[in-house]
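An overview of the molecular structure
So you can see what is in the structure, the chains are spelled out below.
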Amino acid sequence: MKKALVAYFSASGTTAKLAAAVAAAAEGELFEIRPLVPYSAADLKWTNPLARCNREKIGKKTIPLAASVENWTDYDTVFLGFPIWYYGAPNVIESFAKNYDWNGKTVVLFATSGGSNIGKTAEKLLAFLNGCNAVADARVFGAETSNDALSLWAKRFCQE
Ligand SMILES: Cc1cc2nc3c(=O)[nH]c(=O)nc-3n(C[C@H](O)[C@H](O)[C@H](O)COP(=O)(O)O)c2cc1C
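What this report covers is the structure whose coordinates are included nearby. (Residues numbered from 1 in each chain as written. Predicted model: local features only at pLDDT ≥ 70, side-chain atom pairs only at ≥ 80, totals over all residues.)

Examining the overall build of the chain
Helix and strand counts for the chain stand at five helices and five strands. Seen in sequence order, the chain has helices and strands lined up from the N terminus as β-α-β-α-β-α-β-α-β-α. Taking 15 Å as the expected radius of gyration for a compact globule of 160 residues, we find that the chain reaches 15 Å, a close match to that expectation. Once the C-alpha set of the chain is aligned to its principal axes, its extents read approximately 50 × 30 × 25 Å. Within the chain, counting contacts between residues at least 6 apart in sequence, those at least 24 apart form 78% of the total. (Helix = DSSP H or I, 4+ residues; strand = E, 2+ residues; numbered from the N terminus. Rg over C-alpha atoms; globule rule 2.2 N^0.38 Å. Contact = placed C-beta atoms within 7 Å.)

Structure representation (structure tokens):
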């Protein structure tokens, strides 16, 4: 089995639950991508034009992160999980991605959303995945996706 890392960002816990199931299936390490300054409920109120989420999105801001992955070079497969924000990956995911060398990694994206599909998320994120030419898969999963279904999906990317 390839060595897997499951790195995820989750603002309200939905993606976190899926990430734990993916990590269990892949027998991988779980890493939570946390902004240095956590998001408050007010920060996430996208209906308020002045909310932090909207300011970061419009300003294309890089988000300072709380921690980095140790032993990055040990991992063969990296699952990257996040909620869909504004039809794509949140800035915090782009900020995480550009800190690492993705050359030689199998990169797999998974997301949860309020109904949007994955759209052009993978293509857009590639600009931040230095050394990665294409992601192996990119999917939105429903919050209630069973662990068995996630496991079946995740294991495909971990076989030697
Ligand atoms: C700032 C912000 C932007 C969002 N944009 C979208 C969107 O474009 N499409 C969508 O279907 N859901 C959108 N959502 C909803 C989240 O994708 C959804 O609730 C997700 O499951 C939350 O995952 P989490 O609990 O791991 O943070 C948005 C949520 C926030 C806070």
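We are not done yet, so read on.
Here's the deal with the site of the ligand
Among the 20 residues in the neighbourhood of the ligand, the closest are listed as S10, T14, T15, P83 and G114. Counting residues per element, the shell around the ligand draws most heavily on helix α1 (residues 14-26), at three residues. When its residues are assigned to classes, the shell around the ligand shows 10 nonpolar, 10 polar and no charged. (Near = placed C-beta within 6 Å. Nonpolar A, V, L, I, M, F, W, Y, C, P; charged D, E, K, R; others polar.)

Some details on the nonpolar core
Counting residues in hydrophobic clusters, the biggest one holds 44 residues, and the most contacted among them are V6, A7, V22, F79 and I93. At the level of elements, β1 (4-8), α1, β3 (77-83), α3 (91-97), β4 (106-112), α4 (121-125) and α5 (147-155) are the ones that each hand at least two residues to this core. I93 has contacts with F9, I33, L80 and F82, leaving out every residue within four places of it along the chain. (Core = buried A, V, L, I, M, F, W, Y, C linked by C-beta atoms within 7 Å. Buried ≥ 20, exposed ≤ 12 C-beta atoms within 10 Å, placed from the backbone.)

Observations regarding the packing of α1 against α5
At a minimum axis distance of 8 Å, the contact between α1 and α5 shows a crossing angle of 55 degrees. Taken together, the axes of α1 and α5 lie oblique to each other. As for the relative orientation of α1 and α5, their crossing is right-handed in sense. Here L18, A21, V22, A25 and A26 of α1 come into contact with α5, specifically with N147, L150, S151, A154 and K155. (Axes fitted to C-alpha atoms, helices over the stretch in contact; angles between N-to-C directions. Parallel < 35°, antiparallel > 145°, perpendicular 65-115°, else oblique. Left-handed = near helix turned anticlockwise from the far one by under 90°.)

Quick notes on the environment of L44
Mapping L44 onto the fold places it in the loop between β2 (29-32) and α2 (52-58). Counting along the chain gives 32 residues from L44 to S12, while the straight-line C-alpha distance between them is 9.7 Å.

Quick look at the sheet that holds β3
Read from one edge to the other, the open sheet built from five strands follows the order β2-β1-β3-β4-β5, with strand pairing classed as parallel. The open sheet terminates on both sides in strands that have one partner only, identified here as β2 and β5 (137-140). Averaged over all pairs of adjacent strands, the angle between their axes in this sheet comes to 15 degrees, without regard to strand direction. The sheet contacts of α1 involve β1, β2, β3 and β4, and relative to β3 the element is tilted by about 165 degrees. (Pairing = 2+ DSSP bridges.)

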